[in-house]
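These are the residues of each chain, in order.
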Amino acid sequence: EDKVVQSPLSLVVHEGDTVTLNCSYEVTNFRSLLWYKQEKKAPTFLFMLTSSGIEKKSGRLSSILDKKELFSILNITATQTGDSAIYLCAVDFTGTASKLTFGTGTRLQVTL
Amino acid sequence: DVKVTQSSRYLVKRTGEKVFLECVQDMDHENMFWYRQDPGLGLRLIYFSYDVKMKEKGDIPEGYSVSREKKERFSLILESASTNQTSMYLCASSPPSRGSVKKPQHFGDGTRLSIL
């Protein structure tokens, strides 16, 4: 059965800290791995990773994929209170409509 | 920017009612999806559609049906609502992945549905 596991489930850090969120997966026919950020409403797209070892970066956020070990990490440096959200990892494993299998998410809280 | 609009942010219905959740996207996307999101369980796929009048079951289709009569609109139907269908419902859309070109799904703001 295809499976995506995120850790930790929740995390509280102080503003300015660096955090690493983890996503491991067991899926057949892997195509890509996606990270989303969900605040109060719609999950918003952050990164899509398809190739192993290539870092994607956007400001203070970066992510990398290891297809051999079947995991990805999302790093956030110099965290701000606006980074508080649920971070979702999803894997696109097959099919014509790019079905996604989601992990349960990591709830990040950044405090002053 | 892609806009996925769900008709209601909050909805309260009674057990046994037939409930319609509507989703409209403005980017001419072929693919549309319905998920439910529950604490500790993450997002789970209910149904998806990759073309008008086409639908496929996701991981938890029981108790639900869908309708896609027009490309931009994808409706989720709870045939006879039950309390265990109280949840946050999220709609998403995406263009098709063509070869190595992959595109992410874009989500609506969600409908928080309570069944009493």
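What comes next is a walk through the structure. (Residues numbered from 1 in each chain as written. Chains lettered and ligands numbered in written order. Predicted model: local features only at pLDDT ≥ 70, side-chain atom pairs only at ≥ 80, totals over all residues. Heavy atoms only, no water.)

Turning next to the overall build of chain A. Check the secondary structure of chain A and you find zero helices and 11 strands. For chain A, the N- to C-terminal ordering of α and β elements is β-β-β-β-β-β-β-β-β-β-β. Relative to the compact-globule value of 13 Å for 112 residues, chain A shows a C-alpha radius of gyration of 14 Å, a close match. Projected onto the principal axes, the alpha-carbon positions of chain A cover approximately 45 × 30 × 20 Å. Within chain A, the fraction of its 112 residues that count as buried is 46%. Long-range contacts, defined as pairs at least 24 residues apart, comprise 54% of the intrachain contacts of chain A with a sequence gap of at least 6. (Helix = DSSP H or I, 4+ residues; strand = E, 2+ residues; numbered from the N terminus. Rg over C-alpha atoms; globule rule 2.2 N^0.38 Å. Buried < 20%, exposed > 50% of the residue type's maximum accessible area, 1.4 Å probe, protein only. Contact = heavy atoms within 4.5 Å.)

Moving on, we come to unusual backbone geometry. Cis geometry is found at the peptide bond from Ser-7 of chain A to Pro-8 of chain A, where omega equals -10°. Even without a glycine there, the phi angle at Lys-53 of chain B is positive, about 65°. Along the chain, Lys-53 of chain B falls in the loop between β5 (42-49) and β6 (56-57).

On to the state of the cysteines, then. Residue and element names in this part refer to chain A. Applying the stated criterion across every chain, the model contains two disulfides over all chains. Each disulfide pairs two cysteine sulfurs, and for Cys-23 the partner residue is Cys-89, the sulfurs being separated by 1.9 Å. Linking Cys-23 and Cys-89, the disulfide has an S-S dihedral of approximately -70° and is accordingly described as left-handed. Within this pair, whereas Cys-23 is found in strand β3 (residues 19-26), its partner Cys-89 is found in strand β9 (residues 85-92), the two being separated by 66 residues in sequence. (Disulfide = S-S within 2.5 Å.)

Residues and elements named next belong to chain B. Within the element layout of this structure, Arg-36 appears in strand β4 (residues 31-38). A polar side-chain atom of Arg-36 sits 3.0 Å from the main-chain carbonyl oxygen of Asn-84. For Arg-36, the side chain forms a polar contact with the main-chain oxygen of Thr-86, separated by 3.5 Å. (Polar contact = N/O pair within 3.5 Å; in protein donor to acceptor, adjacent residues only side chain to side chain.)

The partner chain B presents 21 residues to the 21 residues of chain A that form the contact. Each partner contributes to the roughly 1800 Å² buried at the junction of chain A and chain B, and carbon and sulfur atoms together form 61% of this total. Scanning the region where chain A abuts chain B turns up zero salt bridges. Where chain A packs against chain B, one counts two residue pairs in polar contact (both at pLDDT 80 or more). Elements with a minimum of two residues in the side of chain A that touches chain B: β4 (32-38), β5 (44-49) and β10 (100-102) of chain A. Its residues assigned to classes, the side of chain A that touches chain B shows 10 nonpolar, seven polar and four charged. (Buried area = accessible area lost by both parts, 1.4 Å probe. Salt bridge = Lys/Arg side-chain N within 4 Å of Asp/Glu carboxyl O. Nonpolar A, V, L, I, M, F, W, Y, C, P; charged D, E, K, R; others polar.)

All chains considered together, the criterion is met by 10 aromatic pairs over all chains. Summarising the aromatic geometry, the rings of Tyr-36 of chain A and Phe-45 of chain A are spaced 5.9 Å apart at their centres and angled 70° between planes, so their arrangement reads as edge-to-face. Among the residues examined, Tyr-36 of chain A registers a relative accessible area of 0% and is labelled buried. The class of Phe-45 of chain A is partly exposed, set by a relative accessible area of 31%. Relative to Phe-107 of chain B, the ring of Tyr-36 of chain A lies with its centre 5.3 Å away and its plane at 90°, an arrangement referred to as edge-to-face. One end of the pair, Tyr-36 of chain A, is in strand β4; the other, Phe-107 of chain B, is in strand β10 (residues 106-107), on a second chain. Chaining the aromatic ring pairs together yields one cluster made of Tyr-36, Phe-45 and Phe-102 of chain A together with Phe-33, Tyr-35, Phe-48 and Phe-107 of chain B. (Phe/Tyr/Trp six-rings, centres within 6.5 Å; stacked < 30°, edge-to-face > 60°.)

Whenever strands of a sheet pair, they do so through backbone hydrogen bonds, lying parallel or antiparallel. All names here are of chain B. One open sheet accounts for four strands, arranged β1-β3-β8-β7; its pairing is antiparallel. In this open sheet, the two strands that pair with only one neighbour each are β1 (4-6) and β7 (64-70). This sheet shows a mean twist of 20° between the axes of neighbouring strands, independent of strand direction. Of the strand pairs in this sheet, strand β3 (residues 19-25) and strand β8 (residues 73-78) are connected by six bridges, and their pairing is antiparallel. (Pairing = 2+ DSSP bridges. Axes fitted to C-alpha atoms, helices over the stretch in contact; angles between N-to-C directions.)

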